[in-house]
Amino acid sequence: MYTMELLAALEPHRERIGQVAGMLTVAQYIAGWFICNDIRRRRTSAGVSPLRFIGGCGLSILQLQYSQKLQAPALIWTSIITLTFSILYSLWFWWYTPANLRSSLYRLTTGAATITAGLYAYGAQGDSPEIMYRLGLVLTVLALAFIALPLVQLRTIIRAKSSAGLPLPAILASTGATILWLLYGLLINNTFIVVQKIIAMGLCTVQLSLFIIYPASKADERKKQQ
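Residues numbered from 1 in each chain as written. Predicted model: local features only at pLDDT ≥ 70, side-chain atom pairs only at ≥ 80, totals over all residues. Heavy atoms only, no water.

### Things to note about the overall build of the protein
Part 1: In terms of regular secondary structure, the protein is built from eleven helices and zero strands.
Part 2: Traced from its N-terminal end to its C-terminal end, the protein shows the element sequence α-α-α-α-α-α-α-α-α-α-α.
Part 3: Taking 226 residues into account, the globule formula puts the C-alpha radius of gyration at 17 Å, and the protein, at 19 Å, falls close to it.
Part 4: The principal-axis extents of the C-alpha atoms in the protein amount to approximately 60 × 45 × 25 Å.
Part 5: Relative to its 226 residues, the protein shows a buried fraction of 42%.
Part 6: Pairs at least 24 apart in sequence give 78% of the contacts found in the protein among residues at least 6 apart.
Part 7: In the structure as shown, the protein presents an accessible area of about 12800 Å², 67% of it carried by carbon and sulfur atoms. (Helix = DSSP H or I, 4+ residues; strand = E, 2+ residues; numbered from the N terminus. Rg over C-alpha atoms; globule rule 2.2 N^0.38 Å. Buried < 20%, exposed > 50% of the residue type's maximum accessible area, 1.4 Å probe, protein only. Contact = heavy atoms within 4.5 Å. Areas by Shrake-Rupley, 256 points an atom, 1.4 Å probe, with all protein chains shown as cover.)

And the structure:
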């Protein structure tokens, strides 16, 4: 009951909530610049995975298509901006990738482009409930995988007992965006967005808890003592 009253009160501000959520999502993508800047300093992309950038391109394209089907302006412009950032980051990565390492980058790009093209072609068949359901399901899985990318370092974090390798600004932006997109999904009554963001909240909570369990400051102190 209270939830319905809250949603009714927020309904006039639906697009504004979506806009703020979009800004936080964009902020999450801007955090990719720190990776690019590190690549620039080292003058090479060796040792850095391009999956976040290449995968971001494919995910943004599919989210843009889905957003257009939903006719949700906040989701549309957010997808356009995140796609732009992902393309720029991917080009940056390519520029600093040594010639002898570019073959693996091309394979990843080809694979991601093939999968994205296939899913996009399927989504382009129409706006039937069945297509929307399947496209929404695929997007949910891909979006959650993208949010969970920092957890790939989990073994390293536990071993080093330090969260220094995690991008805190990006995770904070992702958490804020997730909360607001959850509200937005409830307001536009989209089950996939709601389910996606509820699970995403769990992933964000796990990532944030790592900063409490394994604070980077303590790891720095241990290094100094050694």
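Text resumes after the structure shown.
### Re the nonpolar core
General note: in soluble globular proteins, nonpolar side chains tend to be found buried as a group.
Part 1: Counting residues in each nonpolar core, the largest one holds 13 residues, and the members touching the most others are Ile 17, Leu 75, Trp 181, Tyr 184 and Leu 187.
Part 2: Of all the elements, helix H9 (residues 168-187) adds the most residues to this core, at five residues.
Part 3: What Trp 181 contacts, discounting residues up to four positions off in sequence, is Gly 18, Ala 21, Gly 22, Thr 25, Ala 74, Leu 75, Thr 78, Ile 193 and Lys 197.
Part 4: Counting residues in hydrophobic clusters, the runner-up holds twelve residues, among them Leu 151, Leu 166, Ala 200 and Leu 210. (Core = buried A, V, L, I, M, F, W, Y, C linked by side-chain atoms within 4.5 Å.)

### Here we look at the pattern of salt bridges
Part 1: Tallied over the full model, the rule gives six salt bridges.
Part 2: Between Arg 42 and Asp 38 there is a salt bridge, with its nearest N and O atoms 3.2 Å apart. Here Arg 42 and its partner Asp 38 are both found in helix H3 (residues 32-42), four residues apart, which amounts to about one turn of the helix.
Part 3: A relative accessible area of 35% means that Arg 42 is categorised as partly exposed.
Part 4: Close ionic contact of Asp 127 with Lys 69 constitutes a salt bridge, the shortest N to O distance being 2.7 Å. (Salt bridge = Lys/Arg side-chain N within 4 Å of Asp/Glu carboxyl O.)

### A few points about H9
Part 1: Helix length check: H9 (20 residues) gives 29 Å between terminal C-alpha atoms against 28 Å at 1.5 Å per residue, within 8%.
Part 2: Trailing H9 by a residue or two, Asn 189 shows a phi angle of about 60°, which is positive. (Expected span 1.5 Å × (residues − 1).)

### Quick notes on the environment of Glu 11
Part 1: For Glu 11, the location among the structural elements is in the loop between helix H1 (2-10) and helix H2 (14-30).
Part 2: Its relative accessible area of 34% is what places Glu 11 among the partly exposed residues.
Part 3: In the structure, Glu 11 is positioned 16 residues away from Ala 27 in sequence and 25 Å away in space, judged by C-alpha atoms.

### Topic: the packing of H9 against helix H10 (residues 191-213)
How two helices sit against one another is set out by the angle between their axes and by the gap between those axes.
Part 1: Put simply, H9 and H10 touch, their axes get as near as 9 Å, and they point 155° apart. In terms of orientation, H9 lies roughly antiparallel with respect to H10. Where H9 crosses over H10, the handedness of that crossing is left-handed. Packed against H9, whose contacting residues are Leu 168, Ile 171, Leu 172, Ser 174, Thr 175, Thr 178, Ile 179, Trp 181, Leu 182, Gly 185 and Leu 186, the element H10 presents Ile 193, Val 194, Lys 197, Ile 198, Ala 200, Met 201, Cys 204, Gln 207, Leu 208 and Phe 211 at the interface.
Part 2: Residues that form the contact of H9 with H10 fall into these classes: 15 nonpolar, five polar and one charged. (Axes fitted to C-alpha atoms, helices over the stretch in contact; angles between N-to-C directions. Parallel < 35°, antiparallel > 145°, perpendicular 65-115°, else oblique. Left-handed = near helix turned anticlockwise from the far one by under 90°. Nonpolar A, V, L, I, M, F, W, Y, C, P; charged D, E, K, R; others polar.)

### Overview of helix H5 (residues 73-95)
Part 1: Compared with an ideal rise of 1.5 Å per residue, which puts 23 residues at 33 Å, H5 spans 33 Å between its outermost C-alpha atoms and is within 8% of the ideal.
Part 2: Burial in H5 covers these residues: Ala 74, Leu 75, Thr 78, Ser 79, Thr 82, Leu 83, Ser 86, Tyr 89, Ser 90 and Phe 93.
Part 3: For H5, the elements touching its buried residues are H2, H3, helix H4 (51-70), helix H6 (102-123), H9 and H10.

### A few points about a nonpolar patch on the surface
Part 1: A cluster of nonpolar residues, Ile 87, Leu 88 and Leu 91, forms a patch on the protein surface that exposes about 280 Å² of accessible area.
Part 2: Examined against the element boundaries, Leu 88 turns out to sit in helix H5. (Patch = residues over 30% accessible without salt bridge, like charges linked within 9 Å, V, L, I, M, F, W, Y side chains within 5 Å.)

By themselves, these figures tell us nothing about what the structure is for.
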